[in-house]
Structures are given as structure tokens and as C-alpha cells.
Amino acid sequence: METAIKNNAQQYVDDVFTKLKKKNAHQPEFLQAAEEIFLSLVPVFEKNPKYMEHNILDRLVEPDRIISFRVAWQDDQNQVQVNRGYRVQYNNVIGPYKGGLRFHPTVDESIMKFLAFEQIFKNALTGQAIGGGKGGSDFNPKGKSDAEIMRFCQAFMTELYRYIGPDVDVPAGDIGVGAREVGYMWGQYKRIRGAYEAGVLTGKKPGFGGSLARTEATGYGLIYFVEEMLREEKDSFLNKKVVVSGSGNVAIYAIEKAQHFGAHVVACSDSSGYIYDPEGIDLKLVKEIKEVRGERIKAYVNERPNATYSEGCENIWSIPCDIALPCATQNEIDGDQARLLIANGVHVVAEGANMPSNLDAINEFLNAGVFFGPGKAANAGGVAVSALEMAQNSGRTYWSFQEVDEKLHSIMKAIYKESSEAAKQHGFEGNLVIGSNIAGFIKVANGMLVEGVY
Ligand code: GLU
């Protein structure tokens with residue numbers, strides 16, 4: 001009897017995935033994200049056949065809706081430019097659709113769907129009332145003037161506004177979208193709606209509807225999560241050698257908190273190359289270069305003679321370290337880079353970005369006994385504080401930095417605990433990939449059972 005259920009569960013997952021592959025043959029990132037989750041779920045269906053009976057997986061992988069729209073805007077030379085905008089509203093069983101907007105030339109339907117799909121599970125793990133969504137555009141903000149950014153954001157919101165709302169769908173930032181862009185979109189939304197619906201967007205400027213600690217939240221949250229991983233092994237950040245990829249919002253505040261806990265962070269990067277500073281990253285200088293001057297990370301070596309700059313990002317993973325924190329973008333670590341990290345003695349890998357390790361890399365880490373923190377658990381701090389921003393907006397109030405930071409800290413601890421326990425309960429102790437996928441899935445699946453089929 002038990003074997004029959006086991007075969008059924010495997011068969012069920014295989015069948016749904018085969019159908020998914022056929023329908024989405026040209027969406028590699030989406031299929032990659034789905035496969036990683038599907039592989040984790042067989043034990044859940046074995047334990048709870050009711051999820052199969054209600055065909056939860058097949059229903060869950062089909063987004064509620066995908067909105068795609070034209071964004072026409074005028075550049076500084078008065079030329080009309082056209083980009084494509086997206087919003088994927090994936091699942092709103094737990095709360096309004098929630099997830100960032102990404103402005104990057106690589107954005108297409110596959111990228112949007114992978115991010116929105118991951119967001120469902122991530123948001124469920126936060127324990128906050130937020131569903132899963134994501135959006136963005138293939139617009140490239142690099143090299144654009146402030147006025148161009150403003151006009152693009154306004155044009156984007158002129159179309160998006162009709163699909164969102166504080167109780168419907170709440171976008172925020174992601175790659176290429178920070179407080180400035182959110183501010184321009186918020187202004188346009190407010191103008192069109194003629195109402196101050198602050199909770200429609202998160203990541204707003206503090207004092208203008210934004211929450212304190214939202215900027216720091218993803219990076220700090222990542223470090224709080226890794227702190228729990230290390231605690232499990234009776235270890236800490238003290239004197240650990242850390243490599244962080246990226247130098248955006250996530251990377252900068254991960255470095256800040258890791259250094260605060262006594263880690264020795266020796267490298268970071270941007271999309272052109274990486275810097276290695278054996279004396280430890282001077283974070284004040286990185287902030288000045290990236291946040292104030294808006295320069296490339298290369299500029300760092302002009303002021304730090306013992307640091308080196310290397311063109312291209314792949315080799316950042318050849319730097320020996322105890323802890324690797326990929327905080328740049330998807331698929332930045334493949335099997336080869338994972339093997340290199342392992343050969344150099346990496347002990348913990350935790351993802352600040354969304355899906356930075358491909359499936360090969362994840363398998364390498366797990367098989368080598370590297371303690372691996374998957375993005376949907378480890379980087380959930382950003383969206384968790386977005387939910388706290390929504391709560392503040394609903395209450396028309398502001399909380400102190402300390403209050404938000406403390407809440408973030410306990411949310412990250414809870415995510416670690418839940419993921420770790422779910423892994424143990426399903427026979428995969430220490431496997432946080434399986435644990436976080438299962439813990440997130442069960443919450444959403446139970447909500448779908450409550451709602452019934454529609
Ligand atoms: N873009 C972030 C993420 O990947 C944050 C989303 C949000 O705050 O809604 O989770």
C-alpha cells in the first residue's frame with residue numbers, strides 16, 4: 001500500500017512537470033525554478049495524498065493571470081521609445097499579490113514567471129499575509145538620465161495602476177528599481193487615483209509612506225538567517241572569510257551586517273567584474289562609489305592600493321572562503337563554480353539573490369555536505385519588511401528602525417526554524433532546499449483547500 005502511494009506521488013509530480021515542460025518549452029528559467037520545487041514535493045504528496053486528489057500542484061503552477069503591456073516613453077532627445085511591461089499575478093491565497101518590479105534588459109516572460117513562482121513560497125514562509133507576484137520591464141535603466149527614469153516610471157504606472165491596489169496587488173523594488181523609481185511610480189499612481197493609498201507600493205522613501213529598515217532588510221535578513229545556520233553548528237560569523245557577489249542593495253547591507261558580526265568580507269562585484277581586498281572590504285568606500293557617485297566597482301582599487309580588480313564575474317567564486325553569499329542575480333553559480341568553492345573549503349552558501357545557484361550547483365553543494373540556504377528562505381527579509389510597511393500604512397503609523405529590525409530578526413529566525421523542521425519531518429534533515437519548499441508549499445496548499453476549486 002505504502003509503495004503504491006509512493007509511486008503515485010512520484011508519478012503525479014512527473015506528470016504535472018511533463019505537462020508544464022510542454023506548455024512552457026521556451027521558458028528555461030521558469031522550468032528551472034519549477035523543477036527545483038517539484039523535486040522537493042514528492043514526500044509531501046506521499047504524506048498527504050489529499051493534495052493530489054485536489055490536483056493542487058497542477059493548479060498552483062498556472063498563474064492566476066499574466067498581464068503584459070506596452071510602455072511608450074520619450075527620451076531626452078524627444079525620441080519615442082517602446083518597452084514591454086509585465087505583471088504576473090500568480091497566487092493570492094495567503095494575501096494580496098506581492099512582489100517586486102525588475103527593470104533589466106533580460107526581463108521576459110520566463111524571468112517574470114520564475115520570480116513570481118518563487119515569490120509565492122517565499123512570501124508564505126514569512127508568515128505575513130502576502131500572496132505571490134512579480135513584474136517589471138525589459139527597460140534598461142543604465143545610462144538613463146533622471147528625467148528619463150521618471151518619464152519611464154510614469155508611463156509604466158499609467159498602465160499598471162488599473163491592475164494593482166493595497167488589497168489587490170502590491171509591487172515593490174527589485175533589480176533596477178529602488179526608492180527613487182518607487183517614488184516616481186507612487187506619485188503617478190496617487191495622481192491617477194486621486195487618493196493617498198500608501199499601501200499600494202512598498203519600498204517607498206521613509207517619511208513618505210516608506211518603512212525604516214526596508215533598504216537594509218534583504219541584506220540584514222540574509223545575515224540573520226545565516227546566523228541561525230551557523231548557530232545550528234555551534235558556530236558564528238566571527239573571523240569567517242566571506243565572499244559576497246553583487247554591490248547593490250542586498251550585497252551592501254549583507255556586508256554591513258556580516259562585518260558587524262565580526263566577519264572578514266574580502267570580495268564583492270558588479271555586472272562588469274569583481275574586487276578582492278585581502279584587508280577586508282571598505283564598505284564606506286563601496287557605498288560612496290555605488291550609492292553616491294553611481295560609478296562602477298572598478299573605481300574601488302583607485303583608493304585601496306592592496307585591492308585588485310578582475311574583469312568578469314565568474315572568477316569571484318575562485319576566491320577561497322568559509323561563507324559564500326551570492327547576492328547579484330539568477331544563475332551566477334553553476335556546477336563548475338560550485339565545485340571550485342567546495343574544493344577551496346566553503347562551509348556555508350546562502351542566497352541573497354533569487355535563484356543564483358543552478359540545479360547542478362545546488363546538487364554539488366548538498367552532496368558535498370555544504371550547508372546551503374536557498375534564496376526563498378534566506379532572502380525573504382526584504383519582502384517580509386515590505387509586509388511590515390503595508391501594516392504601517394494600514395495603521396497610518398511609523399515604527400522605529402529598531403522595532404522593524406527586531407521584527408525582521410524574529411521573522412528570519414522563524415523561517416529558519418520552520419524550514420529546518422519541515423526538512424526533518426520529511427526525512428531530509430539539514431536540507432533547507434527541501435525544507436523551505438515544503439514549508440512554503442503546505443501553507444499555500446492548505447489555503448487552496450480552504451478556498452475550494454474555482
Ligand atoms: N524583490 C524583492 C524579492 O525578491 C522584494 C519584493 C517586495 O518587497 O515585494 O523578494
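Given the structure is predicted, the values throughout are model-derived calculations rather than measurements.

Enquirer: Mind showing me how you'd approach unusual backbone geometry here?
Expert: The bulk of non-glycine residues show a negative phi, and the bulk of peptide bonds are trans. Of note, asparagine 55 is a non-glycine position whose phi angle comes to about 50°, a positive value. Inspection of the secondary structure assignment puts asparagine 55 in the loop between α3 (50-53) and α4 (56-60). The backbone of arginine 396 shows a phi angle near 50°, a positive value even though the residue is not glycine. Relative to the assigned elements, arginine 396 resides in the loop between α15 (381-394) and α16 (401-425).

Enquirer: Help me out: how do you make sense of the sheet that holds strand β5 (residues 169-172) in this one?
Expert: Through backbone hydrogen bonds, the strands of a sheet pair up, either in parallel or in antiparallel fashion. Reading across the sheet, the five strands line up as β1-β2-β4-β3-β5 and stay open at both edges, with mixed pairing between neighbours. Looking at the sheet topology across the chains shown, the edges are occupied by β1 (65-74) and β5. Sheet twist, expressed as the average angle between the axes of neighbouring strands with direction ignored, equals 20°. When strand β3 (residues 97-103) meets β5, the two strands line up parallel, connected through four bridges. Among the inter-strand pairings, glycine 100 is bridged to a residue of β5, identified as alanine 172. Across the face of the sheet, helix α5 (residues 109-125) comes into contact with β1, β2 (80-91), β3 and β4 (132-137) while running at roughly 150° to β4.

Enquirer: Could you clarify how one ought to interpret the packing of aromatic side chains in this entry?
Expert: For any pair of aromatic rings, the description consists of the separation of the ring centres together with the inter-plane angle of the planes. Scanning the model with the defined rule gives 22 aromatic pairs in all. Residues tryptophan 186 and tyrosine 196 carry aromatic rings whose centres are separated by 5.0 Å and whose planes lie at 85° to one another, so their mutual orientation is edge-to-face. A residue pair is termed long-range when its members are at least 10 positions apart, and tryptophan 186 in helix α7 (residues 179-193) and tyrosine 196 in the loop between α7 and α8 (214-232) qualify at ten residues. Members of the aromatic cluster, connected to one another through ring pairs, are Phe69, Trp73, Phe103, Phe139, Phe152 and Phe156. Against the face of tyrosine 51 rests lysine 50, its NZ or CZ located 5.1 Å from the ring centre. Stacked on the ring of tryptophan 186, the Lys or Arg lysine 190 has its end atom at 5.9 Å from the ring centre.

Enquirer: Got a minute to help me understand the site of the ligand in this structure?
Expert: Within the structure, the ligand sits among 14 residues, and Lys98, Lys122, Gly173, Asp174 and Ser386 are positioned closest to it. Within the side chain of lysine 134, a nitrogen or oxygen atom sits 3.1 Å from an oxygen atom of the ligand. A distance of 2.5 Å separates an oxygen atom of the ligand from a polar side-chain atom of serine 386. Coverage of the ligand by the protein amounts to 94% of the 290 Å² it exposes when considered alone. Of all elements in the fold, only β3, α5 and α15 reach the threshold of two or more residues within the shell around the ligand. Grouping the constituent residues of the shell around the ligand by class yields two nonpolar, seven polar and five charged.

Conventions and cut-offs
- Residues numbered from 1 in each chain as written.
- Predicted model: local features only at pLDDT ≥ 70, side-chain atom pairs only at ≥ 80, totals over all residues.
- Heavy atoms only, no water.
- Helix = DSSP H or I, 4+ residues; strand = E, 2+ residues; numbered from the N terminus.
- Pairing = 2+ DSSP bridges.
- Axes fitted to C-alpha atoms, helices over the stretch in contact; angles between N-to-C directions.
- Contact = heavy atoms within 4.5 Å.
- Phe/Tyr/Trp six-rings, centres within 6.5 Å; stacked < 30°, edge-to-face > 60°.
- Lys NZ or Arg CZ within 6 Å of the ring centre and 35° of its normal.
- Near = heavy atom within 4 Å.
- Polar contact = N/O pair within 3.5 Å; in protein donor to acceptor, adjacent residues only side chain to side chain.
- Areas by Shrake-Rupley, 256 points an atom, 1.4 Å probe, with all protein chains shown as cover.
- Nonpolar A, V, L, I, M, F, W, Y, C, P; charged D, E, K, R; others polar.

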